[in-house]
Structures are given as structure tokens and as C-alpha cells.
Amino acid sequence: CGKHGIYVILDMHGAPGGQSMNHSTGKAGRNLLYTGGSNMTTAELLWSTIAERYKDEPAVAAYDLLNEPQNNGGYIGPTAWDAESENAVTHTNAAYDRLYKAVRGVDTAHMISFEGVWSTSVLPDPAEYGYENMLYQLHLYDTEKGMINYRLKELRTARKEWKTAVI
């Protein structure tokens with residue numbers, strides 16, 4: 001990518017144990033990153049190793065710590081929390097905190113991305129946690145104009161109030 005002037009966002013699409021029940025994590029129906037023994041420790045080690053490898057790479061724009069966490073819609077089970085429920089928000093933001101610290105322990109230069117998946121309302125105010133150089137994401141699959149406008153307003157509000165980049 002660097003050779004061709006392309007920036008990349010390195011994305012943890014399938015975290016150890018799965019960060020949601022969705023098949024996009026590599027195996028549907030697990031969502032065990034948060035409660036599955038050594039999964040979080042393994043994820044921290046993966047991210048610190050990735051950050052160590054790419055800390056001086058200018059082609060890397062950001063580290064996207066978890067792809068679509070809590071994308072549990074349509075699944076059932078003890079860890080199939082609704083994306084904006086208290087359980088989902090608590091577990092996801094605790095995971096983000098640990099993974100943020102793992103990356104920042106070796107790389108303070110690159111942007112770190114948190115995904116609210118469907119809403120920025122589930123993400124923490126970066127200033128309250130001392131997070132710096134952040135990117136907040138939503139993945140919009142909406143097709144209704146009203147919902148798209150609502151989500152865009154959320155992104156603008158996050159950018160303005162939290163002074164964080166958004167995508």
C-alpha cells in the first residue's frame with residue numbers, strides 16, 4: 001500500500017472468541033471475546049504485536065480494534081445482547097479500553113478506531129478516558145432517508161462534542 005500511496009485501516013474482523021454472534025467474526029454464534037477465558041488476553045497480545053510491527057509504517061492510517069462488535073441481531077443465547085443494551089455497551093467499552101491500552105503501550109502515533117456499529121451513543125467520550133487520536137465509526141446499512149440523516153447527525157455530534165474523527 002505504501003508503495004502505491006494507499007492508506008490502510010487494519011481491522012480485527014474476527015477477534016479471539018468472536019466479538020459478536022455474527023458470522024462475519026469467522027464463526028457464528030459465539031461472542032465469547034468478553035467472557036471466554038483467555039480470549040481478551042489473546043486479543044490484547046495480537047493488537048500489541050500488530051502495533052509493534054506497524055508503529056513506524058506511514059501507510060497505516062488506523063487500527064480498527066473490533067469490527068462490528070455486538071452485531072448480534074437474529075441470534076439467541078446468553079451472550080446475544082442487543083447492540084445498544086447495557087450488557088453490550090459495558091462489555092464492548094471495557095474491551096475497547098483494554099485493547100486501546102495494549103496498542104498505546106507500543107504505538108502512540110497511529111489513530112485508533114472504535115465502532116459504535118449502529119450508533120455513536122454506545123461509545124465513550126474519549127476525554128473521559130484519556131483517549132487520544134481517535135476515529136469513531138458507524139456502519140450504515142440503512143436505506144431509509146430519515147434513518148440515514150439521523151445517523152449522520154449522530155456522527156456530526158460526536159465529531160463536534162468529542163472532537164474525534166468520524167467515518
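Before any of the text, the structure's been laid out above.
**Student:** Which residues make up the pattern of salt bridges, and what values do they have?
**Tutor:** Summed over the entire model, instances satisfying the criterion amount to four salt bridges. Put simply, E52 and K55 hold a salt bridge, and the shortest N to O gap is 3.0 Å. The class for E52 is partly exposed, based on a relative accessible area of 40%. Residues D97 and K101 are paired through a salt bridge, measuring 2.9 Å at the closest nitrogen-oxygen approach. Of the two residues, D97 and K101 both sit in helix α2 (residues 86-104), four residues apart, roughly one turn of that helix.

**Student:** Please give an account of empty space enclosed by the protein that cites residues and values.
**Tutor:** The tally for this structure, following the rule as stated, stands at one cavity of 30 Å³ or more. In this structure, the largest cavity occupies an estimated 90 Å³ of space. Forming the boundary of the largest cavity are 13 residues, of which P69, A83, T92, G116 and V122 lie nearest the centre. By residue number, the principal contributor to the lining of the largest cavity is α2, which donates five residues.

**Student:** Lay out the side chain of S20 in plain terms, naming residues and giving numbers.
**Tutor:** With respect to the element layout, S20 can be found in the loop between β1 (8-11) and α1 (39-54). With relative accessibility at 1%, the residue S20 sits in the buried group. A polar contact is formed between the side chain of S20 and the backbone nitrogen of N22, at a distance of 3.1 Å. If near-sequence neighbours (up to four positions away) are discounted, S20 is found in contact with T25, R30, N31, E68, P69, Q70, N71 and N72.

**Student:** Tell me what's going on with the pairing of strand β2 (residues 60-64), and back it up with residues and numbers.
**Tutor:** Counting buried positions along β2 yields four of five residues, so the element is predominantly enclosed. Sheet topology places β1 next to β2; four bridges connect them, and they run parallel. For L10, the partnering residue across the bridge sits in β2 and is Y63. Where the polypeptide runs from β1 across α1 and back to β2, its parallel neighbour, the crossover connection is right-handed. Examined bridge by bridge, β2 and strand β3 (residues 111-115) share three bridges and lie parallel to one another. Of the residues in β3, the one forming a bridge with D64 is S113.

About the criteria used
Residues numbered from 1 in each chain as written. Predicted model: local features only at pLDDT ≥ 70, side-chain atom pairs only at ≥ 80, totals over all residues. Heavy atoms only, no water. Salt bridge = Lys/Arg side-chain N within 4 Å of Asp/Glu carboxyl O. Buried < 20%, exposed > 50% of the residue type's maximum accessible area, 1.4 Å probe, protein only. Helix = DSSP H or I, 4+ residues; strand = E, 2+ residues; numbered from the N terminus. 1 Å grid on protein atoms, 1.4 Å probe; cavity = no way out; pocket = protein on both sides within 12 Å on 5 of 7 lines; lining within 4 Å. Points joined across faces, edges and corners; volume = space filled by probe spheres on them. Polar contact = N/O pair within 3.5 Å; in protein donor to acceptor, adjacent residues only side chain to side chain. Contact = heavy atoms within 4.5 Å. Pairing = 2+ DSSP bridges. Right-handed = clockwise from strand over helix to strand, strands pointing away.

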